[in-house]
Amino acid sequence: MKKENSRRSFIKNISLATFSALALSGCDMKAFDAFLQKNFKTLSKNEKDSIIKNLEIKYKEKYGKEFHVSDKPAIEGTLFGYALDLSKCVGCRRCVYACVKENNLSRDPQIHYIEVLQMEKEKGIDFAHSTAQYNPEKVPEKGYFYVPVQCQQCRKPQCVTVCPVKATWQEPDGIVVVDYNWCIGCRYCMAACPYGARHFNWGEPDVPAEELNTEMHYLGNRPRMKGVVEKCTFCIQRAREGKYPACVEICPVGARKFGNLLDPDSEIRYILENKRVLVLKQELNFQPKFYYFFGS
Amino acid sequence: MKEGIFLVHLILFEKKFNMKDKFYRNIKNPGILWALFIVLFFGCNNMESINKELYKVPDEKEGNKKTEKAIEYAVEAPPFSDGIFPCTDCHANFPPKPERRELVEWHDDISAIFDHDSENRWCLDCHDLNNRDSLKLASGKLLDFKESYKLCGQCHGEKLRDWKVGVHGKRTGEWNGRKEYLLCVHCHNPHSPKFEELKPEPPPVRQEDIK
């Protein structure tokens, strides 16, 4: 007996199987819409509004709380910059956990946007001899200084260049963001980032519902999915409302400074003009907007 | 770029058909090398224009826009220890003694921790002998406790300058609007100003510990 293995029959069967799977899975129109959703940058105002409305409903069903998801665009005439005073930082890691809370980062598997590196004063800024695992009774430890590293918000972000689907881009206010719905999880951007600032959701992100921050931004701290990349956005949900990022507000020694690089009267511009400033891995010419300085 | 790749495919493919398995011989043909060179050259040029599009960010020199003049608010001076202010409640009953000495009966808690150039200074370098509810500048001018930062600034002028522009110390609130700043004494104990050591939050999970 001759088996029918023709291309025609294969296509016939596969299409039948697809349709029946779709029908059987009972997936609702919303999930279907989300699947077919376009890149955030190409969405119209109406499309954005309806997507956000659906998201708010979805989150309410899932977590039993009211959420506010914003899609506020960049404020005109702003370019965000950040400065961190290396002479003040004591390495207490308060910023790390304030960030986790503000940005709804997965607790397990653990994701931290900020990694505080302990370095030896004798060696200077030397990544090879630094550690993030220090855990003494009290900080700062004698003979060491601390360099917190997070997304450096490069002016020439290579994570953006390598993205094969344009799921990540630089906003007009300089913040590099990710469209979690568009990200395919290829992790090219993680390989391209020399600061280790991008993080992949290897598992379903786990955030206790009672600890969820309900003030969200579509490109920022809304709940992520498994299999997408995320990163620090200078707390886009706060920065675009005029507020300081969470890490700035929590810092007990006032080492973190944030502001508008286009405003000549801002703290950040004062630092650039009056202090000794450096950027990490300057030789790569990614031109970070995250500066380190020595205040005293 | 896409057109370039297509061109290469076209050339290679055509030749492949002509020569069948002896395709690689064709590399000797300088025509193909030229085509490759041209494609690469123009391809790179195209790439540059794509990059420019990607990095569309306002130029700092062009922009130079001022955000609205920031409004600053001092937060309340930190509270005194319970029942210690006004100082005159007790001091009114004692005759003022201007000579330097070790305090034993009262304020011994302060003398125990006092570490602020203690070799050369003592209480009455900052507190006024006759008006106990006031601080005193080196010039003798009396100063309210709310303005203590001026007293600190006598010696720490550089810090005061940085603090005024928001670089030393912590500001909270809005980066483009209402800001709150802390006074020196919110973070530094004036009698022992060195920053206290802190217990660090737990370190991140090691990669090798992830199950």
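Note that the coordinates shown come from a computational prediction; the quantities given were computed from them, not determined experimentally.

Notes on the sheet that holds strand 12 (residues 290–294) of chain A
All names here are of chain A.
(1) Moving on: Pairing is mixed in the open sheet, where four strands are placed in the order 10-2-12-11. Each end of this open sheet is capped by a strand with a single partner; those strands are strand 10 (256–260) and strand 11 (276–278). With direction set aside, neighbouring strand axes in the sheet form an average angle of 30 degrees.
(2) Moving on: Across four bridges, strand 2 (residues 80–85) lies against strand 12 in parallel orientation. Within strand 12, the position partnered with alanine 83 by the bridge is tyrosine 291.
(3) Moving on: Set on the sheet, helix 9 (residues 267–274) makes contact with strand 2, strand 10, strand 11 and strand 12; between it and strand 10 the angle comes to about 110 degrees.

Thoughts on the packing of aromatic side chains
(1) Moving on: The final tally for this structure, using the stated rule, is 20 aromatic pairs over all chains.
(2) Moving on: Aromatic side chains A:Phe200 and A:Trp202 sit 4.8 Å apart centroid to centroid with 80 degrees between the ring planes, which places their arrangement in the edge-to-face category.
(3) Moving on: For A:Trp202, a relative accessible area of 57% gives the class exposed.
(4) Moving on: Look at B:Phe80 and B:Phe145: their rings are 5.0 Å apart centre to centre, the planes differ by 85 degrees, and that puts the pair in the edge-to-face class. Of this pair, B:Phe80 sits in the loop between strand 1 (72–74) and helix 4 (88–91) while B:Phe145 sits in the loop between strand 3 (142–143) and helix 6 (148–153), placing them 65 residues apart in sequence.
(5) Moving on: A relative accessible area of 39% means that B:Phe80 is categorised as partly exposed.
(6) Moving on: Here B:Phe145 falls in the buried class, since its relative accessible area comes to 18%.
(7) Moving on: Taking the ring centre of A:Tyr134 as reference, the NZ or CZ of A:Arg93 above it sits at 4.0 Å.

Some remarks on helix 3 (residues 45–63) of chain A
Residue and element names in this part refer to chain A.
(1) Moving on: Taking 1.5 Å as the rise per residue, helix 3 with 19 residues should run 27 Å; its terminal C-alpha atoms sit 27 Å apart, in good agreement.
(2) Moving on: Taken as a whole, helix 3 has its buried residues at Ile51, Ile52, Leu55, Tyr59 and Tyr63. Along the axis of helix 3, the buried residues cluster in a sector spanning 100 degrees; they form a single face. Turned more than 90 degrees off the buried face of helix 3, the exposed positions are Asn46, Lys53 and Glu61.

Considerations on the interface of chain B and chain A
(1) Moving on: Counting from both sides, the interface comprises 39 residues of chain B and, opposite them, 59 residues of chain A.
(2) Moving on: In this assembly, chain B packs against chain A so that about 4,500 Å² is buried in total across both faces, 54% of it on carbon and sulfur atoms.
(3) Moving on: If you look at where chain B meets chain A, you find four salt bridges.
(4) Moving on: Taken together, chain B and chain A are joined by 19 residue pairs in polar contact (both at pLDDT 80 or more).
(5) Moving on: Elements with a minimum of two residues in the side of chain B that touches chain A: helix 2 (30–54), helix 7 (157–164) and strand 4 (171–173) of chain B.
(6) Moving on: The class makeup of the residues in the side of chain B that touches chain A is 14 nonpolar, nine polar and 16 charged.

Definitions and cut-offs
Residues numbered from 1 in each chain as written. Chains lettered and ligands numbered in written order. Predicted model: local features only at pLDDT ≥ 70, side-chain atom pairs only at ≥ 80, totals over all residues. Heavy atoms only, no water. Pairing = 2+ DSSP bridges. Helix = DSSP H or I, 4+ residues; strand = E, 2+ residues; numbered from the N terminus. Axes fitted to C-alpha atoms, helices over the stretch in contact; angles between N-to-C directions. Contact = heavy atoms within 4.5 Å. Phe/Tyr/Trp six-rings, centres within 6.5 Å; stacked < 30°, edge-to-face > 60°. Buried < 20%, exposed > 50% of the residue type's maximum accessible area, 1.4 Å probe, protein only. Lys NZ or Arg CZ within 6 Å of the ring centre and 35° of its normal. Expected span 1.5 Å × (residues − 1). Arc of directions from axis to C-beta. Buried area = accessible area lost by both parts, 1.4 Å probe. Salt bridge = Lys/Arg side-chain N within 4 Å of Asp/Glu carboxyl O. Polar contact = N/O pair within 3.5 Å; in protein donor to acceptor, adjacent residues only side chain to side chain. Nonpolar A, V, L, I, M, F, W, Y, C, P; charged D, E, K, R; others polar.

These results come straight from atomic positions and should not be treated as a statement about function.
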